[in-house]
Amino acid sequence: MVVFVARRLIVSCFVLLAATAAMFTLVAHAGDPLADLRLSTAPNRADLIAHRSEILHLDQSVPQRYAAWLGHASGCLIPGRPCDLGRTVQGQDVATLLGQAIVSTLTLVTGALVLAILLGVGAGVISALRQRTGLDYAVTFSASLFFSLPVFWVAVLLKQFLAIEANDWYADPTVGPLAAAVLSALSGLFWGAVLGGDRARRWLIRFGAASVTFGLLEYLSVTGWFARPALGPGIIAACAFGIAVGVTALVAGPNRRGVLTSALGAATAGSLAQFLVTGSLQQPTWASFPTLLLLGLSAVGVAVLLGWLLGGPDRPAAIRAAVLTALLTGLVMVIDVMLRALPGYSRLVRGRIIATAGSQTPNLDGTFWQTQLDQLTHLVLPTLAIMLISYATYSRYSRASLLDALGQDYVRTARAKGLPERTVILRHALRNALIPVTTLAAVDFGVLIGGAVITEAVFARPGMGALFIQGLLPPLDPNPIMGFFGVVAVSVVVFNLLADIAYAYLDPRIRLG
């Protein structure tokens, strides 16, 4: 493995050299960084031209400029060396500007990519297992629809029909009987299609899901829960035990008693721990974060101990299930605290809880959780815009890849040996089906960073896209463009390396070395 990684790193260095050299040459001949100064009537025009030529090294040839840029930019990848990406035409340090913008862009792209992979792969797998059913046709149609839509149009639709409508609804957050009936019918259709079965079973699931949804929506409307949302200890405990059952079914199957007992133990510990950590979570400060981190590590340690003691012969799976249950239960507690902060945040932003522009509300004076809500609500629309487009690709790839794997001889052999269907799907078919998806994800990360330029422009987010577009506008500013391209190139190379390493885990026949 070490030899493989070293070899790939060496190859990646040559790839980066070739890519950056080609891009630097194209940018150098794409425009004139001195265009605005040549037309200037300022008395010190010659001095201004000389100063800009000096900071951009325009008195040197293109190969000399590239060699100088590469020598300084390599410090960004080598620990202990200063990161120097040059200066803009205005004399600003590009590394500083890029460091401020990269956090916003990577937060947006990473969140959208993770959601797209989880939802897309999940929908594709369920669609393949329910082939030629209504659910399969619905997933296929939605994937084709989202894939064909341009991202800027999706962004505009989200602004109009999600942000504006949702903000107007939150002024009087109640669900009327007609809206509740429509949502209940959609819920029944969804759960009936997902759980499947014969006709009688599907209708029973549809009726049960629709009835529960309608009753829940009416109860929440009558009690005013939408105006003052909170989960509370009872719902947190119910979610914890539901998570334990779901994680057990996913990790080891519903009939593995040791795994289920470990996960339920972690859920019980989490349900009791909420009474100890609620006070610390209500008004946290940066000074309290070491304590919260220690509590989180303690929760993971308790989960590992429970899995070790109660797992029996399924100890590794029990530890995984207990840890996942503990982490997800902690996430539910955080969601509860953020929901409690929502009414106060709504008053601060005058009811416009879903933002349509920017990365944060200017001059917002709120609590810690209100500030986090502000940053989160500014991420909702751009993340959804990117995620919906990427979701279509992942769902189609995962569906086609799983259907191909299910038709292979090794799957038929596994079934002939009498293995449970869950083992056949998850351990044999799905692991091999995920190899093309892994390749797609590795390339998609760099593509999404480039595509985020449009999304950031639509939602006015001050990320790398704004820096890139500003560099393209006259007069041409080559260093911000090269900084943007360098981040994209390094991201693609790193994620391709991680994808190659993941191949060995997904398919043991692949040997790295």
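Residues numbered from 1 in each chain as written. Predicted model: local features only at pLDDT ≥ 70, side-chain atom pairs only at ≥ 80, totals over all residues. Heavy atoms only, no water.

Student: Help me out: how do you make sense of the overall build of the protein chain in this one?
Tutor: Of the regular secondary structure elements, the protein chain holds 18 helices and zero strands. Taken along its principal axes, the extent of the C-alpha atoms in the protein chain is 85 × 60 × 45 Å. Looking at the protein chain as a whole, 42% of its 513 residues qualify as buried. Within the protein chain, counting contacts between residues at least 6 apart in sequence, those at least 24 apart form 73% of the total. For the protein chain, the exposed surface amounts to about 27,000 Å²; the carbon and sulfur share of it is 70%. (Helix = DSSP H or I, 4+ residues; strand = E, 2+ residues; numbered from the N terminus. Buried < 20%, exposed > 50% of the residue type's maximum accessible area, 1.4 Å probe, protein only. Contact = heavy atoms within 4.5 Å. Areas by Shrake-Rupley, 256 points an atom, 1.4 Å probe, with all protein chains shown as cover.)

Student: Teacher, can you tell me more about the packing of helix H16 (residues 421-458) against helix H18 (residues 478-506) here?
Tutor: Two numbers describe a pair of packed helices, the interaxial angle and the distance between the axes. Look at H16 against H18: their axes get within 9 Å of each other, and the N-to-C directions meet at 170°. In terms of orientation, H16 lies roughly antiparallel with respect to H18. Of H18, the residues touching H16 (which contributes Arg431, Leu434, Ile435, Thr438, Thr439, Ala442, Val443, Phe445, Gly446, Ile449, Gly450 and Val453) are Phe484, Val488, Ser491, Val492, Phe495, Asn496, Ala499, Ala502, Tyr503, Tyr505 and Leu506. Grouping the amino acids of the contact of H16 with H18 by side-chain chemistry returns 16 nonpolar, six polar and one charged. (Axes fitted to C-alpha atoms, helices over the stretch in contact; angles between N-to-C directions. Parallel < 35°, antiparallel > 145°, perpendicular 65-115°, else oblique. Nonpolar A, V, L, I, M, F, W, Y, C, P; charged D, E, K, R; others polar.)

Student: Got a minute to help me understand the pattern of salt bridges in this structure?
Tutor: Under the definition given, this model contains nine salt bridges. Close ionic contact of Asp136 with Arg399 constitutes a salt bridge, the shortest N to O distance being 2.8 Å. Of this pair, Asp136 sits in helix H6 (residues 134-148) while Arg399 sits in helix H14 (residues 368-406), placing them 263 residues apart in sequence. Classification of Asp136 as buried rests on a relative accessible area of 2%. (Salt bridge = Lys/Arg side-chain N within 4 Å of Asp/Glu carboxyl O.)

Student: Any chance you could explain the packing of helix H5 (residues 94-129) against helix H17 (residues 464-472) here in plain terms?
Tutor: Look at H5 against H17: their axes get within 7 Å of each other, and the N-to-C directions meet at 130°. The angle between the axes of H5 and H17 places the two elements in the oblique class. Residues Leu97, Leu98, Ala101, Ile102 and Thr105 of H5 lie in contact with H17, whose contacting residues are Met464, Gly465 and Leu467. For the contact of H5 with H17, the per-class residue count stands at six nonpolar, two polar and no charged.

Student: Honestly, the environment of Ala181 in this entry has me stumped. Any pointers?
Tutor: By secondary structure assignment, the location of Ala181 is in helix H8 (residues 177-195). Using a relative accessible area of 37% as the deciding quantity, one classes Ala181 as partly exposed. For the pair Ala181 and Thr213, spaced 32 residues apart in sequence, the C-alpha separation works out to 8.8 Å.

Student: Explain a nonpolar patch on the surface to me, please; I cannot follow it from the model alone.
Tutor: Taken together, the side chains of Leu178, Val182, Leu183, Leu186 and Leu189 make up a nonpolar region of the molecular surface, amounting to roughly 500 Å² of accessible area. Summarising the element assignment, Leu189 is placed in helix H8. (Patch = residues over 30% accessible without salt bridge, like charges linked within 9 Å, V, L, I, M, F, W, Y side chains within 5 Å.)

Student: Please explain the side chain of Ser491 as it appears in this structure.
Tutor: The residue Ser491 is located in helix H18 in this model. Of the polar contacts made by the side chain of Ser491, one reaches the backbone oxygen of Val487; its length is 2.7 Å. Contacts of Ser491, omitting those with residues within four sequence positions, involve Phe445 and Ile449. (Polar contact = N/O pair within 3.5 Å; in protein donor to acceptor, adjacent residues only side chain to side chain.)

Student: I tried to follow the state of the cysteines on my own but got confused; where do I start?
Tutor: Disulfides are covalent bonds that connect the sulfur atoms of two cysteines. For the structure shown, the criterion picks out one disulfide. Bridging Cys76 to Cys83, the disulfide has an S-S length of 1.7 Å. On the sign convention where negative means left-handed, the S-S torsion of about 75° between Cys76 and Cys83 marks this disulfide as right-handed. Given a relative accessible area of 37%, Cys83 falls into the partly exposed group. With no disulfide of its own, Cys13 lies closest to Cys76 among cysteine sulfurs, the gap being 14 Å. (Disulfide = S-S within 2.5 Å.)

Student: Would you take a moment to explain the environment of Gly471 for this structure?
Tutor: For Gly471, the location among the structural elements is in helix H17. For Gly471 and Met482, which are 11 residues apart along the polypeptide, the C-alpha to C-alpha distance reads 9.3 Å. Those residues within four positions of Gly471 in sequence are excluded, and the remaining contacts are Leu476, Asp477 and Ile481.

Student: Before we go on, may I ask you to explain the packing of aromatic side chains in this structure?
Tutor: We describe a pair of aromatic rings using the distance from one ring centre to the other and the angle between the two ring planes. For the structure on display, the rule yields 11 aromatic pairs. Here Phe445 and Phe495 contribute two aromatic rings whose centre-to-centre distance is 4.2 Å and whose plane-to-plane angle is 15°, an arrangement assigned as stacked. In this pair, Phe445 is assigned in helix H16 and Phe495 in helix H18, connecting sequence segments 50 residues apart. Grouping aromatic residues by their ring pairs yields a cluster made of Trp169, Tyr170, Trp225 and Phe226. (Phe/Tyr/Trp six-rings, centres within 6.5 Å; stacked < 30°, edge-to-face > 60°.)

Student: Please explain the side chain of Thr213 as it appears in this structure.
Tutor: Note on placement: Thr213 falls in helix H9 (residues 199-222). Within the local environment of Thr213, its side chain forms a polar contact with the side chain of Ser187, the two groups lying 2.9 Å apart. If sequence neighbours within four positions are ignored, Thr213 has contacts with Leu183, Ser184 and Ser187.

Student: Would you take a moment to explain unusual backbone geometry for this structure?
Tutor: For residues that are not glycine, phi is negative in most cases, and the peptide bond is trans in most cases. For the bond from Pro474 to Pro475, the omega torsion is -5°, close enough to zero to count as cis. Not every positive phi belongs to a glycine, and Arg132 is a case in point at roughly 60°. Relative to the elements of secondary structure, Arg132 occurs in the loop between H5 and H6. The class of Arg132 is exposed, set by a relative accessible area of 61%. The backbone of Ala460 shows a phi angle near 55°, a positive value even though the residue is not glycine. Take Ala460: it is sitting in the loop between H16 and H17.

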